Amino acid sequence: MAEKNEKLFDQFPGVSYEEWRAKVEADLKGADFNKKLVWRTNEGFNVEPVYRAEDIADFKTTGTLPGEYPYVRGTRAENDWLTRQDVVAASAEEANAVALDVLTKGVTSLGFRVESAEDVAVVLKGIDLAKVEININCCLCKAKDVAKALVACIKAQGVEQSFHGSIDYNPLRKQLVKGKEGIDAEAVVADAKELLAIVAPVPALRCLNVESLLLGNSGAYIYQELGYALAWGAAWMTALTDAGCTADEVASRIKFNMCVSSNFFMELAKFRAARMLWAQIVEQYKPACSCAAKMMVCAKTSRFNQTIYDAHVNLLRSQTETMSAALAGVDSIVTTPFDEPYKTPDTFSERIARNQQFLLKEESHLDKVVDPAGGSYYVETLTVNIAEQAWKLFLATEEEGGFFALAGEGKIQAAVNESCAKRHTDVARRKEILLGTNQYPNVNELAAGKIEKKAGCCCSGEQKGANALAMKRAATDFEALRLATEASANRPKVFMLTIGNLAMRLARAQFSTNFFGCAGYEIIDNLGFETVEAGVDAALEKGADIVVLCSSDDEYATFAPEAFKYLAGRAEFVVAGAPACAEELKAAGIEHFVHVRCNVLETLQQFNAKLLK
């Protein structure tokens, strides 16, 4: 049989961007192209609706291979990231038992919290340190002793050259999380130098932590987390090279623990940009080996967007986040269990979290392809755009004195908290959607009974200072609304008085159901009423606390005054929509209107204040 090499796309004529643009503008029928189709991101740049080869023709980032400087396409020639689980246990012995168990279930990286140097040998008992990455977190004052104990365990197994892991030495954690006063830079540098000397026998034991995860979990935008992470890493490089350490010695001991949010392509591009920028920063310190410029990154899925209500949606969020990190080529990933916001994760949620990564490896084979997004016009453009914004922030931070100084003054925290407040406002207005919380809630779900108090670290009981990161999840205000409703003796009832135009009344009843459901109110929907009086009577018979009139804008001029007058204050009256006659209705005494421009949170808080007893 003769081979057929017909190229199908040759049958279609090429279309220039100008032709495409003209067709789109014609279809928009006079609407502004930039307002309708160009997206202005929180990262400070625009995203176009389409990208072409010519958009990336001049990029210098597209001509390298994985493993080649500046590592935009990855620091390795393969993509088999480590599946990490952070062990949560009440004692060192229990932590060891959990670790030995999960190592039989596919985990290749472990995270431990230890309270003393003596705990190190206990948690590591029976673990082959040549085959498992070990990451240890401890109180700052115990870091050197813990490092000595870990090195002793490594030497006991004779695996100094094959061990990989980290000690999370972060002298800024209390400052960022608790708002403590600025660090003693001289003491930090002295301690860091001692740490470097302690871990010197183990080449792949990293001990200088860049924990931008704290910023991401506090609501920082993507460019902020990256810009500040680079400044944090540069602060370590400058401080320790000035103290006499070599660039290779310092860079090879820095580990970036970063957050990954649900903005799929942006996060993928963030990690590509991070490697590229970090390599260029390290290069300025003149390391003897270019390998020192390779960035070591552990990505952990976000807590900021996790929710207590409809908590299984957290699985969808963290799966998207895990996939971003995997495709971006990070070194290890921690997938946060879905129940983490309200309890200590149990064996079920931890198992599901592990399996989320295994699905990407065993079912999707993402570990078999390096930088699959490389060459994508969109992703390459995002990589450059995010890099530009992060670089501007990095330079600004350096010009003002560097990350350590600005964190000491509270300026880093203030900038992140400002972003956090903006994001909370966007959630309140439903510009940023949290499915099941501020949109499409399960109105009958109860959550108060599943919330447990969680044990914290040794400094968890300390009061926060003025310069602390807010560390406030995006859903917390809406959750407070619903928890207040649960605690109330009388759950408010919201009655949909649907009347008039069929399409409009159904659409507005659905909108209002979602709106008031965000506070956990009981929703009473209806097929429709022939008269306003019949609707109001039915509402009062059901014991409604709120009556929502759902109709068309044209009909509100008649129906709204009639319903308001007939209701006579026996329940709160709400008009669903923002009709042209709103001012006339307000003049008639009608106060409440719900529509897409409302601040949902503030509106519901006002109703809670009136109705909850």
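Basis of the calculations
- Residues numbered from 1 in each chain as written.
- Predicted model: local features only at pLDDT ≥ 70, side-chain atom pairs only at ≥ 80, totals over all residues.
- Heavy atoms only, no water.
- Patch = residues over 30% accessible without salt bridge, like charges linked within 9 Å, V, L, I, M, F, W, Y side chains within 5 Å.
- Areas by Shrake-Rupley, 256 points an atom, 1.4 Å probe, with all protein chains shown as cover.
- Salt bridge = Lys/Arg side-chain N within 4 Å of Asp/Glu carboxyl O.
- Lys, Arg positive; Asp, Glu negative; His and termini not counted.
- Charge placed at Lys NZ, Arg CZ, Asp CG, Glu CD.
- Helix = DSSP H or I, 4+ residues; strand = E, 2+ residues; numbered from the N terminus.
- Pairing = 2+ DSSP bridges.
- Axes fitted to C-alpha atoms, helices over the stretch in contact; angles between N-to-C directions.
- Contact = heavy atoms within 4.5 Å.
- Core = buried A, V, L, I, M, F, W, Y, C linked by side-chain atoms within 4.5 Å.
- Buried < 20%, exposed > 50% of the residue type's maximum accessible area, 1.4 Å probe, protein only.
- Disulfide = S-S within 2.5 Å.
- Phe/Tyr/Trp six-rings, centres within 6.5 Å; stacked < 30°, edge-to-face > 60°.
- Lys NZ or Arg CZ within 6 Å of the ring centre and 35° of its normal.
- Expected span 1.5 Å × (residues − 1).
- Arc of directions from axis to C-beta.
- Parallel < 35°, antiparallel > 145°, perpendicular 65-115°, else oblique.
- Left-handed = near helix turned anticlockwise from the far one by under 90°.
- Nonpolar A, V, L, I, M, F, W, Y, C, P; charged D, E, K, R; others polar.

**Some remarks on a negative patch on the surface**
A surface patch of like charges, here negative, comprises E533, D537, E541 and E562. Top element by residues in the negative patch is helix 19 (residues 532-541). It accounts for 3 residues. One can find E541 in helix 19.

**Brief notes about the sheet that holds strand 15 (residues 592-594)**
Spatially, 12-11-13-14-15 is the arrangement adopted by the 5 strands of the open sheet, whose pairing is parallel. For this open sheet the edge positions go to strand 12 (522-524) and strand 15, each flanked by a neighbour on one side alone. Adjacent strand axes in the sheet meet at a mean angle of 25 degrees when their direction is disregarded. Examined bridge by bridge, strand 11 (residues 493-498) and strand 13 (residues 546-550) share 5 bridges and lie parallel to one another. Bridged to T498 within strand 13 is C550. Packed onto the sheet, helix 18 (residues 502-517) meets strand 11, strand 12, strand 13, strand 14 (572-576) and strand 15 and runs at close to 150 degrees relative to strand 13. Here helix 22 (residues 600-611) sits on the sheet in contact with strand 13, strand 14 and strand 15, set at roughly 160 degrees to strand 14.

**What to know about the nonpolar core**
General note: in soluble globular proteins, nonpolar side chains tend to be found buried as a group. The biggest cluster of nonpolar side chains holds 116 residues, and the ones touching the most others in it are L110, F112, L124, I134, L208, W236 and F403. Looking at this core element by element, the count peaks at 13 residues for helix 9 (residues 222-242). One finds I546, V548, C550 and L585 within the second-largest nonpolar core, a separate group that totals 54 residues.

**Some points on the state of the cysteines**
Under the counting rule described, the total for this entry stands at 1 disulfide. Across a sulfur-sulfur distance of 2.5 Å, C289 and C291 are joined as a disulfide pair. Judged by the sign of its S-S torsion, about 135 degrees, the bond between C289 and C291 is right-handed. On the accessibility criterion, C289 (32% relative accessible area) is partly exposed. Take C245: it sits in no disulfide, and the sulfur closest to it among the cysteines is that of C207, at 9.9 Å. Take C245: its relative accessible area is 9%, and that puts it in the buried class. The thiol of C550 is not disulfide-bonded; the next cysteine sulfur, from C598, is found 13 Å away.

**Considering the packing of aromatic side chains**
In this structure the tally under the stated criterion is 19 aromatic pairs. With centroids separated by 4.9 Å and ring planes inclined at 85 degrees, the aromatic side chains of F264 and F265 adopt a geometry described as edge-to-face. Seen from their ring centres, F516 and F607 are 5.6 Å apart, and the 70 degrees between their planes marks the pair as edge-to-face. Of this pair, F516 sits in helix 18 while F607 sits in helix 22, placing them 91 residues apart in sequence. With respect to class, F516 is no different from F607; both count as buried. Here the aromatic residues F511, F515, F516, Y521 and F607 are joined through ring pairs into a cluster of three or more. The ring centre of Y17 lies 4.1 Å from the NZ or CZ of R52, which sits over that ring.

**Details of helix 17 (residues 476-487)**
In this model helix 17 runs 16 Å from its N-terminal to its C-terminal C-alpha over 12 residues, within 8% of the 16 Å that 1.5 Å per residue would give. F478, E479, L481, R482 and T485 are the residues of helix 17 that are buried. Along the long axis of helix 17, the arc covered by the buried residues comes to 155 degrees, so they all point the same way. Lining the buried residues of helix 17 we find helix 16 (411-428), helix 18 and helix 22.

**Comments concerning the packing of helix 9 against helix 14 (residues 377-399)**
Two elements in contact, helix 9 and helix 14, have axes separated by 8 Å at closest approach and are oriented at 45 degrees. Judged by the angle between their axes, helix 9 and helix 14 are oblique. Note on packing geometry: the crossing formed by helix 9 with helix 14 is right-handed. Mapping the contact onto sequence places I222, Y223, Q224, L226, G227, Y228, L230, A231 and A234 in helix 9 and I386, Q389, A390, L393, F394, T397 and E398 in helix 14. The residue makeup of the contact of helix 9 with helix 14, split by class, is 11 nonpolar, 4 polar and 1 charged.

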